[in-house]
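Observations on the model geometry
Each chain is listed here by its residues.
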Amino acid sequence: MKTRYFSYLELESAGKLLQAAELVAFPTETVFGLGANALNAAAVKKIFVAKGRPSDNPLIVHVADFEQLSMIARDVPPVANLLMQRFWPGPLTIVLPKQPEVSEHVCAGLDTVAVRIPNHSIALELIRHAGFPLAAPSANRSGRPSATTWQAVAEDLDGLIAGLVCGEPTQFGLESTVVDAIANPPRILRPGGVSLEQLQEVCPEIEPYAPCATSSHENAVNSPGLKYRHYKPTARVIVVSAATTDSEFALAIEATSAVDYVGISTPRNPARYRSILICSNVSEYAAKLFDFFRKADLSHVDVVCCEAVDDMGIGVALLDRLRRASQ
Ligand code: TXA
Ligand code: MG
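Let me begin by describing the structure that accompanies this report. (Residues numbered from 1 in each chain as written. Chains lettered and ligands numbered in written order. Predicted model: local features only at pLDDT ≥ 70, side-chain atom pairs only at ≥ 80, totals over all residues. Heavy atoms only, no water.)

Look at helix H12 (residues 314-326): 19 Å from first C-alpha to last across 13 residues, which is about the 18 Å you get at 1.5 Å a residue. Burial of H12 is extensive: 10 of the 13 residues sit out of reach of the surface. Those residues of H12 that fall on the buried side of the exposure criterion are Ile314, Gly315, Ala317, Leu318, Leu319, Asp320, Arg321, Leu322, Arg324 and Ala325. Contact partners of the buried residues in H12: strand E10 (187-190), strand E11 (236-240), helix H11 (282-298) and strand E14 (303-307). (Helix = DSSP H or I, 4+ residues; strand = E, 2+ residues; numbered from the N terminus. Expected span 1.5 Å × (residues − 1). Buried < 20%, exposed > 50% of the residue type's maximum accessible area, 1.4 Å probe, protein only. Contact = heavy atoms within 4.5 Å.)

Following this line, the structure appears as structure tokens:
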């Protein structure tokens, strides 16, 4: 299949591809998404084929407004309404009871649906041109780092999808926070662009993300995506901190390895690294991590060293991605 590339001025044509049950990738404020008509089973099935995604991993549905929300979700709990008022449009995905019209492939057989309004003018305009909600996982081959630039989408999916709307690199660079709003109290299933501290302002009782529980059966069933391998470059990823000693470092890395480094402070032995990226803060680090992973792979590096960050704010999501990438 020949992939068509669109600019933000060609969203009507991109919308027509979606109406023809084809796949179109597009930018959001978190990462690029791979969109299909959420109400059309044949279209949604193509997402799983193009990504190589296991069919029991459900998709996030992107809507442009509250009218579209009512097409896909029902019985919205009051706490979910509060979260929507405060964080939509934005990087917060809320799990709700689903409407029967939503393709069962979107929800992987669950009776719930994960939904968000993205805070990105191209994404919103594309949904409006299409005229229906878009099921859209991150636009990468399954297991790879999410795509934060249109070039990264092309690297993974050129020839496998009908269209790609190009745009600027994404703002957050990490995916949305996923909150189960049916649970009482609500709980964070995946940390992301909206932090625990921000969520607590609206919902003080919210249950924090519990990384240790993610491999448990219960959590794997509630958010099936958590049990899969994620965000990994081909290079080995190791997470280092100020506490990592030189001998620990030497043990982790062979003398001949080509090693890259990314973090917010200068590493102890800068000469040891082939390429170094120092970011000015944790948000910039989060925004650039996946692109750094992909560049490391293109230059055939053996190891990527990533500096650990404080376990707060966006740092929780960043540490989660680092931990998964290093497993
Ligand atoms: O920022 C994002 O969330 C991006 C952009 C494109 O919106 N999308 C994204 O989608 O990261 P994906 O498919 O890579 O991750 C979706 C996550 C998975 O962990 C999946 O298991 C979970 O959301 N999920 C989807 N539907 C669910 C449901 N009904 N119940 C629980 N978890 C669900
Ligand atoms: Mg993904």
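What follows is about unusual backbone geometry. In the segment running from Trp88 into Pro89, the intervening peptide bond is cis, with an omega of -5°. By secondary structure assignment, the location of Pro89 is in the loop between helix H4 (78-87) and strand E5 (92-97). Cis rather than trans, the peptide bond between Asn184 and Pro185 has omega equal to 0°. When you line up the elements, Pro185 lands in the loop between strand E9 (177-180) and E10. For Ala21, which is not glycine, the phi dihedral falls at a positive 65°. Residue position: Ala21 is located in the loop between helix H1 (11-19) and strand E2 (24-26).

Let us now look at the sheet that holds strand E7 (residues 134-135). By definition, the strands of a sheet pair up through backbone hydrogen bonds, in either a parallel or an antiparallel sense. Spatially, E1-E8-E2-E3-E7-E4-E6-E5-E9-E10 is the arrangement adopted by the 10 strands of the open sheet, whose pairing is mixed. Edge positions in the sheet fall to strand E1 (4-6) and E10, since each has one partner strand and no second. Pairing between E9 and E10: three bridges, direction antiparallel. When the sheet's bridge partners are listed, Val178 is paired in E10 with Arg190. Relative to the sheet, H4 contacts E5 and E9, its axis offset from that of E5 by approximately 155°. Contacts from helix H7 (residues 150-157) reach E1, E2, strand E3 (33-37) and strand E8 (163-165) within the one sheet, and its direction differs from that of E8 by about 165°. (Pairing = 2+ DSSP bridges. Axes fitted to C-alpha atoms, helices over the stretch in contact; angles between N-to-C directions.)

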